[in-house]
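What follows is each chain in one-letter form.
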Amino acid sequence: MTLSQYPLPRYQIPGVVGTLVRYALIGLFAAAVFGPLLNMLIWTVAEAWYFPAKLPLRWGFAFWTKVFRPEAGAMKALYTSMVIACLTVALSLVLAIPAGYALSKRSLPLRSLFLLFFLLPQAFPTVAVHMNIARIFYGFGLTGTIWGVMLVHAIQGLVFAVWIASAAFAAIGEEQVEAARNLGATPLRAFMTVSLPLAAPGLMASAIFVFLISLDEFSGTFFVGVPDIRTLPLTMLNAALEGNYQIASITALLLLVPSILFMLFVERFLKADVLASVGK
Amino acid sequence: MDTPRLRKNLPLVALLLPALLMVGLLFVYPLLFSLAYAFRNEGTGGWDLSNFTKAFALYGADVSLTIGVTLLSTALVGVLAVAVAGYLTLGENPRAVAVLRWIYRWPMFIPFVVAAQLMRTFLAKSGMLNNTLMSLGLIEPLNAMSLLDWRGVVVTFVWKQLPFAALLIAGAMASMDRSLMESARGLGAGRLRILIEIVLPQVSATVWVSLILSFVTMLSALSVPMMIIAGTPTMITVDMAWRVNSYGDYGVANALGFISFALSGAAAWFYLRQGVREGGKPA
């Protein structure tokens, strides 16, 4: 028996079937991932869509003008969300830059224990904690205020801010900092002129991460923000529960765009060497 | 610890302190508060199990539903994530691998609230899923039904968490030594067999980590059941919000919270035991 006559006839048929099955499976997977997104996009431009019509009966942007009218509240919610997200980023960076710098030093005692400690807010179901934060905040007059909501968001984002900042500082070689110190720079000056600029892309990534967490946060805002703070996710929930699919879908799209942009550009900010040492 | 080392590191600890205080005051303290007040009887001012009795009487079905939904979703995420990561690692058609790599990550950064809203329209009786199945002739219009109950929650959870688990698992698989896989392939082993017998045992620590993080994430989701399930039975996060906002009843809410902490604690215990049984330190 020669080699050439042995596998060929048996191999090609499964090859074709295999290709078909492979593309069918990938097609099905793509439909499962993008179907819900497409459905939402259609709803944002559907002016009239009733069962059992498979596609909207009338298309248009009528609901967009409705959403952006001042009395709809969506613009105010967008503004509130942005203000809270920016404040949350500022607070997180103020806390995470020193903490991340300290955690980037391997000589720090109990280092891995401290790293784990920051993971706590992600390792426990948060709803029960959020409702008790609201109860405690009530005594301080923080419920229903921007500051209260900012504090809850910062807690959820802090683990990412601290871990990414620590990885960013750890990725900097000791030599450059030592060179600056040898030239007579004080530790603070060496930090400000060498470490901080070199870690900036990583810190930028952590800032974007915290911004998104704040923008999307739901349960903390739900408990602490009542009754005055309406962020975009809460506005979307109300629109959805009132059965207004168009308004809910347009608000969902507003929340979606920053997340998708981040996914597409995250690798530019977060270099592989930094990413590899996050949480280590 | 010797004193010079401590003194040398004191400035570092000082830098760390504000962030530690923040987590301590705004997370650990409310967490302990929640655990303690689950046992507080506001009626008598004493400490007992009355909140738990009431919680199980009112929401026993919801506790079971929560456990069932999160376990089923976690299992589905596990199976699908291993399949996706396995294909990304062992797939031999570069174009198919590239396409899959591009597709699977999309839902990862989509917030839970938005995912819930997408599924609310997609899975509804008149939603795109039913429309497509009807157009393809797979179901009759009369049989079209809304999936907006516990099934919708499972679909949303799996849709949202799959990329996260697949990303972690694919990363672990990519850093494996490929020579063993290639020699098994050379000996004629099928790719499914290589995945199950060679690759999976080596990445099991990562699989467990990703599944437990997913489990806890699903357990804390409030927006998804709130938006997808109309009425009862629902998940306990919704019950907690209801007890607090409608009755100011923190006792029963904290008892339900205690149950959710206990469930995530059980997951963590299971994970640690798994690590011990495999003879290694959990990653």
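Residues numbered from 1 in each chain as written. Chains lettered and ligands numbered in written order. Predicted model: local features only at pLDDT ≥ 70, side-chain atom pairs only at ≥ 80, totals over all residues.

1. Notes on the nonpolar core
And then number 1: Of all hydrophobic cores here, the largest spans 160 residues; its most connected members are Leu158 and Val162 of chain A together with Ile169 of chain B.
And then number 2: The dominant element in this core, judged by the number of residues it contributes, is helix H6 (residues 146-170) of chain A, at 18 residues.
And then number 3: Counting contributing residues per domain, this core is built from domain 1 (8-44) and domain 2 (64-276) of chain A, each supplying no fewer than three.
And then number 4: Valine 162 of chain A has contacts with Ala96, Ala99, Gly100, Leu103 and Phe118 of chain A together with Ala19 of chain B, leaving out every residue within four places of it along the chain. (Core = buried A, V, L, I, M, F, W, Y, C linked by C-beta atoms within 7 Å. Buried ≥ 20, exposed ≤ 12 C-beta atoms within 10 Å, placed from the backbone. Helix = DSSP H or I, 4+ residues; strand = E, 2+ residues; numbered from the N terminus. Domains from an automatic or database assignment. Contact = placed C-beta atoms within 7 Å.)

2. A few points about the packing of helix H7 (residues 178-186) of chain B against helix H8 (residues 191-219) of chain B
Residue and element names in this part refer to chain B.
And then number 1: As a packed pair, H7 and H8 sit with axes 10 Å apart at the nearest point and diverge in direction by 145°. Remark: the crossing between H7 and H8 carries right-handed chirality. Contacts from Leu180, Met181, Ala184 and Arg185 of H7 reach H8 at Ile194, Ile198 and Val199.
And then number 2: Across the contact of H7 with H8, the residue classes break down as six nonpolar, no polar and one charged. (Axes fitted to C-alpha atoms, helices over the stretch in contact; angles between N-to-C directions. Left-handed = near helix turned anticlockwise from the far one by under 90°. Nonpolar A, V, L, I, M, F, W, Y, C, P; charged D, E, K, R; others polar.)

3. Examining the domain arrangement of chain A
And then number 1: Domain parsing of chain A yields domain 1 (8-44) and domain 2 (64-276).
And then number 2: Centre-to-centre separation of domain 1 of chain A and domain 2 of chain A, based on C-alpha positions: 37 Å.

4. Here we look at the environment of threonine 235 of chain A
Residue and element names in this part refer to chain A.
And then number 1: If you trace the backbone, threonine 235 turns up in helix H10 (residues 232-241).
And then number 2: For threonine 235, a count of 25 C-beta atoms within 10 Å corresponds to the buried category.
And then number 3: For threonine 235 and alanine 72, which are 163 residues apart along the polypeptide, the C-alpha to C-alpha distance reads 9.6 Å.
And then number 4: In this structure threonine 235 touches Gly73, Ala74, Ala77, Arg230 and Thr251, once residues within four positions along its chain are discounted.

5. Topic: H6 of chain A
Residue and element names in this part refer to chain A.
And then number 1: Relative to the 36 Å expected for 25 residues at 1.5 Å per residue, H6 spans 34 Å between its end C-alpha atoms, a close match to the ideal helical length.
And then number 2: The largest bend along H6 reaches roughly 50° and is located at glycine 157.
And then number 3: Of all 25 residues making up H6, 23 are buried, and the element is well covered by its neighbours. (Expected span 1.5 Å × (residues − 1). Bend = angle between axes of the 7 residues up to and from the residue.)

6. Some remarks on the interface of chain A and chain B
Size of an interface: often given as the accessible area lost when the parts come together.
And then number 1: Between chain A and chain B, the residue contacts involve 64 residues of the former and 62 residues of the latter.
And then number 2: Among the elements of the structure, helix H1 (8-44), helix H3 (74-103), helix H4 (111-123), helix H5 (126-140), H6, helix H9 (219-224), H10 and helix H11 (245-269) of chain A are those that each provide at least two residues to the side of chain A that touches chain B.
And then number 3: Considered class by class, the residues forming the side of chain A that touches chain B number 51 nonpolar, eight polar and five charged.

7. Some remarks on H8 of chain B
Residues and elements named next belong to chain B.
And then number 1: Over its 29 residues, H8 runs only 34 Å from end to end, short of the ideal 42 Å by more than 12%, given 1.5 Å per residue.
And then number 2: The principal kink in H8, of about 65°, is found at leucine 200, preceding the proline proline 201 by one to four residues.
And then number 3: For H8, every residue scored as buried is listed here: Val199, Val203, Trp208, Ser210, Leu211, Ser214, Phe215, Val216, Thr217, Met218 and Leu219.

8. Focus: the packing of helix H2 (residues 50-90) of chain B against H8 of chain B
Residue and element names in this part refer to chain B.
And then number 1: The N-to-C vectors of H2 and H8 enclose an angle of 140°; their axes lie 8 Å apart at closest approach. In terms of their interaxial angle, H2 and H8 are classed as oblique. Crossing geometry of H2 relative to H8 is assigned as right-handed. From H2, Thr70, Ser73, Thr74, Val77, Gly78, Ala81, Val82, Gly86, Thr89 and Leu90 reach across to H8, where they touch Arg191, Ile194, Leu195, Val199, Leu200, Val207, Ser210, Leu211, Ser214, Phe215, Met218 and Leu219.
And then number 2: Taken together, the residues that form the contact of H2 with H8 break down as 13 nonpolar, eight polar and one charged. (Parallel < 35°, antiparallel > 145°, perpendicular 65-115°, else oblique.)

9. A word on the confidence of the model for chain A
Detailed reading of the predicted coordinates is not advisable wherever pLDDT is low.
All names here are of chain A.
And then number 1: Per-residue confidence for chain A gives a mean pLDDT of 83; residues scoring 70 or more make up 89%.
And then number 2: The spread of mean pLDDT over the elements of chain A runs between helix H12 (residues 272-276), the lowest at 63, and H9, the highest at 93.
And then number 3: In the model, residues 1-12 has pLDDT below 50 throughout and makes one contact with residues more than four positions away in sequence or in other chains. (pLDDT = per-residue confidence, 0-100.)

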